[in-house]
Amino acid sequence: MSAKELFQETLEIGLTGGIGSGKSTVSAGLVERGAVLIDADAIVRELQQPGKPVFEKMVERWGEKILSEEGELNRQAVADIVFKDSEELLALNEIVHPLVREEIARLRDTYAGGGVPIILDIPLLIESGYEDLDGIIVVDLIPKEAIRRLVAYRGFAEDDAKNRISNQVEREERIKKADFVVDNNGDLNSLNEEIDRAWNWIESLSA
Ligand code: ADP
């Protein structure tokens, strides 16, 4: 094995887009094609398990009204508080972000040097100032269709879907920061072709 193969550069690609734009679908497709995934939402869910640091801090702030009868986090109760009040949303972000960042940094270290492209699926990637990545993929979808899919396929109440979408950075701003745009306005077959294009682009970066 040559020195170059031994010390292969590990590409780190950010993946972002509005809620419901198709990030999870695209990241799963990129993993199928050979990438490893760091999934910020999965990390948040893990750190929100009873006894974990994010859970403890949230209960400290909002008390037992955000818990289910089983003593787990009641996500709807949290959503009802934070998506109607920007100060509460800020407070939630101040609890969640530093701890998630720490875990993301730990995973990046773990995968570094493996030579396998790392996809960082981070909903607020652009707002969070991850400047040191090798590229940013933005999954793009018109908001109206994102709302429709969230309601139809992921069980969101329509108001909740609308509130969440308007809380995210404007679509145009996101696209401006993209190195590669995945268009998810078509059906799942055309999304699959878009994922092929994205994978080819990632491979071209390491060539
Ligand atoms: P995100 O992770 O960005 O919130 P998802 O990948 O979960 O978005 O996509 C939202 C929903 O829309 C999911 O149920 C997904 O299966 C579905 N979906 C994604 N892309 C398409 C598409 N092109 N056509 C139809 N449904 C789609």
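Quick notes on the rules
Residues numbered from 1 in each chain as written. Predicted model: local features only at pLDDT ≥ 70, side-chain atom pairs only at ≥ 80, totals over all residues. Heavy atoms only, no water. Phe/Tyr/Trp six-rings, centres within 6.5 Å; stacked < 30°, edge-to-face > 60°. Lys NZ or Arg CZ within 6 Å of the ring centre and 35° of its normal. Pairing = 2+ DSSP bridges. Helix = DSSP H or I, 4+ residues; strand = E, 2+ residues; numbered from the N terminus. Axes fitted to C-alpha atoms, helices over the stretch in contact; angles between N-to-C directions. Buried < 20%, exposed > 50% of the residue type's maximum accessible area, 1.4 Å probe, protein only. Polar contact = N/O pair within 3.5 Å; in protein donor to acceptor, adjacent residues only side chain to side chain. Near = heavy atom within 4 Å. Areas by Shrake-Rupley, 256 points an atom, 1.4 Å probe, with all protein chains shown as cover. Nonpolar A, V, L, I, M, F, W, Y, C, P; charged D, E, K, R; others polar.

Asks: Before we move on, could you go through the packing of aromatic side chains and cite the residues and values that matter?
Replies: Summed over all chains, the structure comprises one aromatic pair. Just above the ring of tyrosine 130 sits the side chain of arginine 101; from NZ or CZ to the centre is 4.4 Å.

Asks: Could you give an account of the sheet that holds strand E2 (residues 36-39), with specific residues and numbers?
Replies: Read from one edge of the open sheet, five strands run E2-E3-E1-E4-E5, paired in parallel fashion. In this open sheet, the two strands that pair with only one neighbour each are E2 and strand E5 (180-183). Going across the sheet, the axis of each strand differs from the next one's by a mean of 25 degrees, ignoring polarity. Pairing between strand E1 (residues 12-16) and strand E4 (residues 135-140): four bridges, direction parallel.

Asks: Let's hear about helix H5 (residues 75-82): which residues, and what values?
Replies: All of the buried residues along H5 are Ala77, Val78, Ala79, Ile81 and Val82. The distance from a side-chain oxygen at the start of H5 to the backbone nitrogen of glutamine 76 is 3.1 Å, and the residue carrying that oxygen is asparagine 74.

Asks: Which residues make up the site of the ligand, and what values go with them?
Replies: Taken together, 16 residues form the shell around the ligand, and within it Gly20, Ser24, Thr25, Arg154 and Asn184 come nearest. One of the backbone nitrogen or oxygen atoms of lysine 23 is found 2.8 Å away from an oxygen atom of the ligand. Taking arginine 154, its side chain carries an N or O atom lying 2.7 Å from an oxygen atom of the ligand. Within the complex, the protein chains bury 85% of what would otherwise be the 560 Å² of accessible surface of the ligand. Going through the elements one at a time, helix H2 (23-32), helix H7 (143-154) and helix H10 (188-206) are the ones with two or more residues in the shell around the ligand. Residue composition of the shell around the ligand, by class: four nonpolar, eight polar and four charged.

Asks: Which residues make up the pairing of E1, and what values go with them?
Replies: When you tally the buried positions in E1, you get five out of five residues, the bulk of the element. Residues Glu12, Gly14 and Thr16 line one face of E1 and the alternating positions Ile13 and Leu15 line the opposite face, and both faces are buried. Where E1 and strand E3 (residues 118-121) come together, four bridges link them in parallel fashion. Within E3, the position partnered with glycine 14 by the bridge is leucine 120.

Without other data, these values stay purely geometric and don't point to any function.
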